[in-house]
Amino acid sequence: MSESILEIKDLRVSYGGIEAVKGISLDVHEGKIVTLIGSNGAGKSTTLKSIAGLVKPQSGSIKFKGQELIGLSPDKIVKAGIVLVPEGRRVFPNLTVKENLKMGAYLRKDDLTEDFEYVYSLFPRLKEREWQLAGTLSGGEQQMLAVGRALMSKPELIMMDEPSLGLAPIVVKDIFEIIRTINKAGITVLLIEQNAFMALQNADWAYVLETGTIKTEGEGLDLLDDETIQEAYLGKTRE
């Protein structure tokens, strides 16, 4: 069994007096794909933003390879080896594909040639559109660019917030294939995904969040077969 690379203990996060995350604890094991599923408002995005340093928790602990992250600035967290691919892609529309990728490596001072080649090997379409403005790309291509940009920081843990949102089914399949490829290359993945079927099918471990708490957890394929999960998140009803 691999060791935990990320440990969250009793995390509590509030927005204007409303508690969005209510004392959750979870582990992400090195080299695994871990997913958080749950309805809107369950606290999934807030959890990722807390890990990335974009939201300050009220209490609790977030440790990455034993180092406490709470209190660190977002750039220090990226430097530590964690990167977030945000919901909605958030590419820079007036910069080219290559310029967007360079933005992902803004903390690095070393040569980027091999990293560009790696990203282009994962996403040949980005190579074809290297000098195209990001704002003119399709939704699927922008998602590929957002993932590629994150990889340019050479992360050990990549977090993805709704990578398949708004994409055609065939593109969703491509995105999950890339997630598996990234993971096989040794990068740990923490994933939020509304497409619970795809998330559970690909995840080694899954946590189900409801109104800021962890309702259940287990291996992805086990939860995929769970009747309660099927009814709540997969649109299947008991016969």
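Description of the structure in this document. Note that the structure is a prediction, hence the values are computed from the model and not measured. (Residues numbered from 1 in each chain as written. Predicted model: local features only at pLDDT ≥ 70, side-chain atom pairs only at ≥ 80, totals over all residues. Heavy atoms only, no water.)

## Re the pattern of salt bridges
Turning to step 1, where the next piece is worked out: Overall, the coordinates contain nine salt bridges when judged by the stated rule.
Turning to step 2, where the next piece is worked out: When the shortest N-O distance is used, the salt bridge between R12 and D10 registers 3.8 Å.
Turning to step 3, where the next piece is worked out: Exposure remark for D10: the relative accessible area of 39% places this residue in the partly exposed category.
Turning to step 4, where the next piece is worked out: As a salt-bridge pair, E130 and K127 come within 3.6 Å of each other at their nearest N and O atoms.
Turning to step 5, where the next piece is worked out: Looking at E130, the relative accessible area reads 9%, which means it is buried.
Turning to step 6, where the next piece is worked out: Among the ionic contacts, a cluster of salt bridges with common partners joins D10, R12 and E19. (Salt bridge = Lys/Arg side-chain N within 4 Å of Asp/Glu carboxyl O. Buried < 20%, exposed > 50% of the residue type's maximum accessible area, 1.4 Å probe, protein only.)

## Overview of the pairing of strand β3 (residues 33–37)
Turning to step 1, where the next piece is worked out: The element β3 is largely enclosed, with a buried count of five among its five residues.
Turning to step 2, where the next piece is worked out: Here four bridges tie β3 to strand β8 (residues 188–192), and the two strands are oriented parallel to one another. For I33, the partnering residue across the bridge sits in β8 and is V189.
Turning to step 3, where the next piece is worked out: Pairing geometry for β3 and strand β9 (residues 205–210), over four bridges, is parallel. Bridge pairing links L36 to Y207 in β9. (Helix = DSSP H or I, 4+ residues; strand = E, 2+ residues; numbered from the N terminus. Pairing = 2+ DSSP bridges.)

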